[in-house]
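# Geometric and topological summary
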Amino acid sequence: MSSSSPYHRHQNDVEAGRYNGDDGDETEEEGPFNIYRTKSAPLDRLRRWRQAALVLNASRRFRYTLDLKKDEEKKQMIAKIRTHAEVVRAALLFQNAGSQLPAPGSQKSLPTAIPSGEYEITSEKLASMSRDHDFDALQNYGGAKGLAAKLKTDTEKGISGEEADLLQRKNIFGSNTYPRKKGRSFWRFVLDACRDTTLIILMVAAAASLALGIKTEGIKEGWYDGGSIALAVIIVIVVTAISDYKQSLQFQSLNEEKQNIHMEIIRGGRRVQVSIFDIVVGDVIPLKIGDQVPADGVVISGHSLALDESSMTGESKIVHKDIKQPFLMSGCKVADGYGTMLVTGVGINTEWGLLMASISEDNGEETPLQVRLNGVATFIGIVGLAVAFLVLVVLMVRYFTGHTRNPDGSVQFRAGQTKVGAAVDGAVKIFTVAVTIVVVAVPEGLPLAVTLTLAYSMRKMMRDKALVRRLSACETMGSATTICSDKTGTLTLNMMTVVEALVCGKKMDSPDNSSSLPADVTSLLIEGIAQNSTGNVFVPEGNGDIEVTGSPTEKAILQWGVNIGMNFEAVRSSSSIIHAFPFNSEKKRGGVAVKTADSEIHIHWKGAAEIVLASCKRYIDANGHLVPMDDDQAKLFRESIEDMAARSLRCVAFAFRSCEMEEVPTIEEELEHWNLPEDNLVLLAIVGLKDPCRPGVRDAVQLCKNAGVKVRMVTGDNLQTAKAIALECGILESDADATEPNLIEGKSFRALSDAERLDAAEKISVMGRSSPNDKLLLVQALRKMGHVVAVTGDGTNDAPALHEADIGLAMGIQGTEVAKESSDIIILDDNFASVVKVVRWGRSVYANIQKFIQFQLTVNVAALIINVVAAISSGDVPLNAVQLLWVNLIMDTLGALALATEPPTDHLMKRPPVGRREPLITNIMWRNLLIQALYQVTVLLVLNFSGRSILNLKHDRTDHAIKVKNTLIFNAFVFCQIFNEFNARKPDEINVFRGVTKNRLFMGIVGLTVVLQVMIIMFLGKFTSSVRLTWQLWIVSIVIGILSWPLAAIGKLIPVPETPISEFFTRKLHRRKKSKGSTNGRQEAT
């Protein structure tokens, strides 16, 4: 891997075991489900937890996890396409090299442009030239400029941009899109839901029951038992499929949003932002460091332009591009320099388009919470299977030994007397109950609840200006303990203006008034501003407003240039750039060598004021004379910079020097690698740019502090500027805090030893004049200290820090494509307040999952205990197969929808971050669910054993009385879950109704559950083996359910120990193992 490619994903990865941080100590002993960081987790760890999980429906359970097989196939497909492209190119080069040399005086036969519609070249010829990198063909067309003429485009102003022209170009040369694989249809989700092992067994049992029922009782009455189970299974399948299908549509729309990159292109002489999907052949596109090449094309002009083509060739090396090596491939990244390109191929006519069309959109990705929930589901599932097996054995033994009786008191099975059909029917019913217990006990919906809440959260986060690229980041953000934030554009508005200028050694009365400046100074300053810039000034025809484009700093400086009399186009055309050193975040300056109309060479530098000032040996005074810069004058300039910085101004200096023609390399290759002279510079000006703090940023920082999240500012700006902004937005409380090590320069931090750096990292609040590598060192140090680190970044060189961090946050407006690709979440409005909203949503994801776990485990425990106790003691179960399937539907799909979509509350930001190693089921949750489960089990078992006497049903027919009692148990059990759903909303708050009306989905699901339950009891008794209840028994059911509210409120007053229960048992087990080990050691010694 090339060291000059700063944005390659950082190799110092925790999961790969190459990092000494807190998260790197995951050992085999911790179990397969304890993966705390799935970002770049090794494949063997991912395989281990899949193999360890107890799964009833693999296609559904693993739908949103990384498809390891498809991922491997994807890599092989990419390698195949790359190899094919390289073979074609190699063959063409071989053919060209082997062809005979033309006779003297004759010209080599080259392809000529064949007209295509109104254009003098066909899309096939263009695609062939780009694909084969056929330089001879390009030369035959007249180079980039000749090709532009054939495509009816201007290399300076681009195409016109008129709708008709764009449409015609799309029709002839194609659009910049590629055929995408269709998403799964609804019926695929139905098929996936049908693959559940237990549901298949239930369908087989239902079919057997149906056949036996019809045979013994006739079709009129005999189909109810089997038919009702089959109908219940079908309802479960349909509801599950609908829920899964809706989730998939949400993820699909989010994926489309991720791919919709916007770029700046030139149309009609003006720079405009368009989607890469709207780029057409003939477009002229300015490229700068960090951009992704959006289509195939050729270089029009460039300075130090270098591309990383690893995404296409697989080779991690930087390729320099110029007029001799002009071909640019779609999908590659600009690693260095800047330039302009002419688009020659789009969409499926590019290798990138072929690549994208050949591979699937998304292979999924697991999140740490998903993996841990699979562990919880596996544990509960094993317990459930054991219980179901116990129930099956007990009921079968009771049945075949004649201990099971019918409602009228007669024995169900008599050896030698009962018909085979009736015996098999009885055994099938028992088997069905056991299988249904497995359906309820194995919480397939538990891991899927994560995807449900993430899909919901991601959609809502889009409204809060955050686009989630990696699912795991969404939940990890809830555990963040520190946020390392940029200053410019994140904490500030990124709307810069020049408010102060120091020219000719004195401060200008008004920065826009250049009348008092010597003409030579103004001329040199304007030349430096116009040529040493990647921005642009567009002057519309007529009297329209001037349009300035570029980065906020470039725009502010260009606008200042216009204000002091700069004619951008005139300056650009009167002199030409012969070499450029693009702005570099390490050196914090950029320069150009300019050849003027009278063949003089001027070297212009622009950058961080104190750094440029250090290279200056002279300055121009008020009379326009060159004056040597003595120590006193240099000190005055430094004091002026510090004064501006203390007033939170960004300081930029301009300097120049002349250069003799003899010093400039004449050979093109030497010129390409020429180091611009940066000594003996003449200071032209120092300007102060004001970038105000964002409104509300102070409140957002305070919110983080209340939530136990430390905000650290990491900026390339002057330390004094950083300090002033940090005080303004509340990162530093007062001047007393603004001392080392709270306030530190990047070079000082860099110089520390590893141990000192760890100590300093914990205390740092502001780091000024930091390089991207300093940011990376800070992230590594904080992670070693056990922090969960979120980092914001926008530059190409921020990519390693963004990747190394637990959560990388790229800026959507100012961020480069390289930074965005290395990030986990894109902050679309570049606003720090949006980062804080992401923290809220992250905590909400975790809280919602915990609510759902508490709710589901309560149902699991209660249903299992009730059926087991009843089966063992009386040989009958009060909750039959159909009823349990309905409870499973409430619990799994509807419960997840209701609880996993709770919006975040302010309460979440008043507690410390959730530790990634903290148990999922907290002591508070154990207390709540045990109280509710104990209450439900007690009440319903009392009804089961004493229901006839309590309900005064002794005089009723035995079979009717049992049906009434069992119906009441079923109804009361369902109402207990409905009311307990409210309790689950607020596990640690007494008022469980706060904000409930704002969650319409929750209210809708609760309402729907109540309506369906009423319909089941009143009209579907034949299917559920229930009877209609009197209004008195309805009240009893509701009262039993509603009592869970005061019980929950009282339960929340019971204090719980801080040490997690799981830790208590783990310690005990560890002590026992230790004592066992020491005993064995003593025995061996003796």
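Residues numbered from 1 in each chain as written. Predicted model: local features only at pLDDT ≥ 70, side-chain atom pairs only at ≥ 80, totals over all residues. Heavy atoms only, no water.

### Examining the overall build of the protein
- From N to C terminus, the protein includes 39 helices and 26 strands.
- Counting only residues that meet the buried cut, the protein has 55% of its 1086 residues in that class.
- Of the roughly 46900 Å² of accessible surface on the protein, a fraction of 56% belongs to carbon and sulfur atoms. (Helix = DSSP H or I, 4+ residues; strand = E, 2+ residues; numbered from the N terminus. Buried < 20%, exposed > 50% of the residue type's maximum accessible area, 1.4 Å probe, protein only. Areas by Shrake-Rupley, 256 points an atom, 1.4 Å probe, with all protein chains shown as cover.)

### Notes on the pattern of salt bridges
- All chains considered together, the criterion is met by 37 salt bridges.
- Its salt-bridge partner being Asp-679, residue Arg-657 comes within 3.1 Å of it at the nearest N-O pair. Of this pair, Arg-657 sits in strand β19 (residues 649–659) while Asp-679 sits in the loop between α23 (668–672) and β20 (681–690), and the two are 22 residues apart along the sequence.
- Classification of Arg-657 as buried rests on a relative accessible area of 15%.
- For Asp-679, a relative accessible area of 41% gives the class partly exposed.
- Among the ionic contacts, a cluster of salt bridges with common partners joins Glu-500, Lys-507, Asp-643 and Arg-647. (Salt bridge = Lys/Arg side-chain N within 4 Å of Asp/Glu carboxyl O.)

### As for a nonpolar patch on the surface
- On the surface, a cluster of nonpolar side chains totalling about 540 Å² of accessible area is made up of Trp-1031, Ile-1035, Ile-1038, Val-1039, Ile-1042 and Leu-1043.
- Here Ile-1042 is to be found in helix α37 (residues 1031–1042). (Patch = residues over 30% accessible without salt bridge, like charges linked within 9 Å, V, L, I, M, F, W, Y side chains within 5 Å.)

### Some words on the side chain of Thr-476
- Along the chain, Thr-476 turns up in helix α17 (residues 471–476).
- When near neighbours in sequence (up to four residues on either side) are disregarded, Thr-476 contacts Val-788, Asp-806, Ile-807 and Arg-916. (Contact = heavy atoms within 4.5 Å.)

### Considerations on the nonpolar core
- In terms of nonpolar packing, the biggest core is built from 84 residues, with Ile-437, Leu-885, Phe-970 and Phe-973 touching the most fellow members.
- Once residues within four sequence positions are removed from consideration, Phe-973 is found in contact with Val-859, Ala-862, Ala-863, Ile-866, Leu-879, Val-887, Gln-936 and Leu-940.
- Within the second largest apolar cluster, 72 residues are counted, among which are Met-477, Val-838, Trp-841 and Ala-896. (Core = buried A, V, L, I, M, F, W, Y, C linked by side-chain atoms within 4.5 Å.)

### Here we look at the sheet that holds strand β25 (residues 807–811)
- The mixed open sheet is built from eight strands, whose spatial order is β8-β26-β25-β24-β9-β21-β23-β22. The open sheet is flanked by β8 (466–468) and β22 (743–745), the only strands paired with a single partner. Each strand axis lies, on average, 20° off the axis of its neighbour in the sheet, ignoring direction.
- Summarising the sheet, strand β24 (residues 789–793) and β25 pair through four bridges and their orientation is parallel. Across the sheet, Thr-792 pairs through a bridge with Leu-809, a residue of β25.
- Against the sheet, helix α28 (residues 772–784) engages β9 (482–485), β21 (710–714), β23 (766–768) and β24, with an angle of about 170° to β24. (Pairing = 2+ DSSP bridges. Axes fitted to C-alpha atoms, helices over the stretch in contact; angles between N-to-C directions.)

### What to know about the confidence of the model for the protein
- Considering every residue of the protein, the mean pLDDT works out to 82; 85% of them sit at 70 or more.
- Note that pLDDT drops below 50 for residues 1–29; the model gives that stretch 86 contacts with residues more than four away or on any other chain. (pLDDT = per-residue confidence, 0-100.)

### So, helix α8 (residues 186–194)
- Here α8 has its buried residues at Phe-189, Val-190, Asp-192 and Ala-193. An end-on view of α8 places all buried positions within 160° of arc, on one side of the element. (Arc of directions from axis to C-beta.)

### Some details on the environment of Asp-512
- In this structure, Asp-512 sits in the loop between β11 (506–507) and α18 (519–531).
- Separated by 11 residues in the primary sequence, Asp-512 and Ala-501 have C-alpha atoms spaced 8.7 Å apart.
- Setting aside its immediate chain neighbours within four residues, Asp-512 contacts Trp-560, Asn-563 and Ile-564.

### Notes on the packing of aromatic side chains
- With the rule as written, the count across this model stands at 16 aromatic pairs.
- Between the aromatic rings of Phe-975 and Trp-1034, the centroid separation amounts to 6.1 Å while the plane-to-plane angle is 85°, which identifies the pairing as edge-to-face. Pair noted here: Phe-975 is in helix α34 (residues 958–985) and Trp-1034 is in helix α37, with a separation of 59 residues, a long-range link.
- Taking the relative accessible area as the measure of exposure, Phe-975 reaches 5% and is therefore buried.
- Aromatic pair Phe-982 and Trp-1045: ring centres 5.5 Å apart, planes at 75°, arrangement edge-to-face. (Phe/Tyr/Trp six-rings, centres within 6.5 Å; stacked < 30°, edge-to-face > 60°.)

### Re unusual backbone geometry
- Unlike most non-glycine residues, Lys-152 shows phi in positive territory, near 55°.
- Relative to the helices and strands, Lys-152 is located in the loop between α6 (143–150) and α7 (163–173).
- Residue classification places Lys-152 among the partly exposed residues on the basis of a relative accessible area of 46%.
- With a phi angle near 60°, Ser-648 is a residue other than glycine that sits in the positive phi range.
- Counting through the fold element by element, Ser-648 comes out in the loop between α22 (631–646) and β19.

### Digging into helix α33 (residues 923–950)
- Along its length, α33 shows its largest kink, about 60°, at Asn-944.
- Positive backbone phi, approximately 60°, marks Asn-952, located one or two places after α33. (Bend = angle between axes of the 7 residues up to and from the residue.)

### Considering the pairing of strand β10 (residues 497–503)
- Of all seven residues in β10, five are buried, a share of seventy percent or more.
- Looking at chain direction, β10 and β20 are connected through six bridges and run antiparallel. Bridging from a neighbouring strand, Val-503 pairs with Ala-685 of β20.
- Of the pairings in the sheet, the one linking β10 to β11 comprises two bridges and is antiparallel in character. Counterpart to Leu-502 in the pairing with β11 is Lys-507.
- Adjacent in sequence and paired antiparallel, β10 and β11 are bridged by two residues, among which Cys-504 carries a positive phi angle near 60°.

### Topic: the packing of α34 against α37
- Following both chains from N to C, one finds α34 and α37 inclined at 40°, their axes separated by 8 Å at the closest point. When the interaxial angle is binned, α34 and α37 end up oblique. Our pair here, α34 against α37, has a crossing hand that is right-handed. Note on element contacts: α37 touches α34 through Leu-1033, Trp-1034, Val-1036, Ser-1037, Ile-1038, Ile-1040, Gly-1041 and Ile-1042, opposite Val-964, Leu-968, Asn-971, Ala-972, Phe-975, Cys-976 and Phe-979.
- Split into classes, the residues belonging to the contact of α34 with α37 amount to 12 nonpolar, three polar and no charged. (Parallel < 35°, antiparallel > 145°, perpendicular 65-115°, else oblique. Left-handed = near helix turned anticlockwise from the far one by under 90°. Nonpolar A, V, L, I, M, F, W, Y, C, P; charged D, E, K, R; others polar.)

### Structural notes on the packing of helix α15 (residues 420–441) against helix α32 (residues 881–899)
- Packing of α15 against α32 brings their axes to within 9 Å, and their N-to-C directions diverge by 5°. One way to sum up the angle between α15 and α32 is to call them roughly parallel. Judged by residue contacts, Thr-432, Thr-436, Ile-437, Val-439 and Val-440 of α15 engage Ala-881, Leu-884, Leu-885, Asn-888 and Met-891 from α32.
- Its residues assigned to classes, the contact of α15 with α32 comprises seven nonpolar, three polar and no charged.

### Concerning the pairing of strand β2 (residues 270–275)
- Across six bridges, strand β1 (residues 262–267) lies against β2 in antiparallel orientation. Paired with Arg-267 across the strands is Arg-270, a residue of β2.
- The loop that links β1 with its antiparallel partner β2 comprises two residues; one of these, Gly-268, has a positive phi angle of about 60°.

### Description of the environment of Gly-688
- Mapped onto the elements of the fold, Gly-688 is located in strand β20.
- Note: C-alpha distance between Gly-688 and Asp-643 (45 residues apart in sequence) is 9.9 Å.
- Setting aside chain neighbours within four positions, we find Gly-688 in contact with Thr-497, Val-498, Val-499, Glu-500, Met-644, Leu-649 and Arg-650.

### Some remarks on the environment of Ala-819
- Position of Ala-819 among the secondary structure elements: in helix α30 (residues 817–822).
- Considered as a pair, Ala-819 and Gly-793 are 26 residues apart in the sequence and their alpha carbons are 6.8 Å apart.
- Setting aside its immediate chain neighbours within four residues, Ala-819 contacts Gly-793, Asp-794, Gly-795, Leu-802 and Ala-810.

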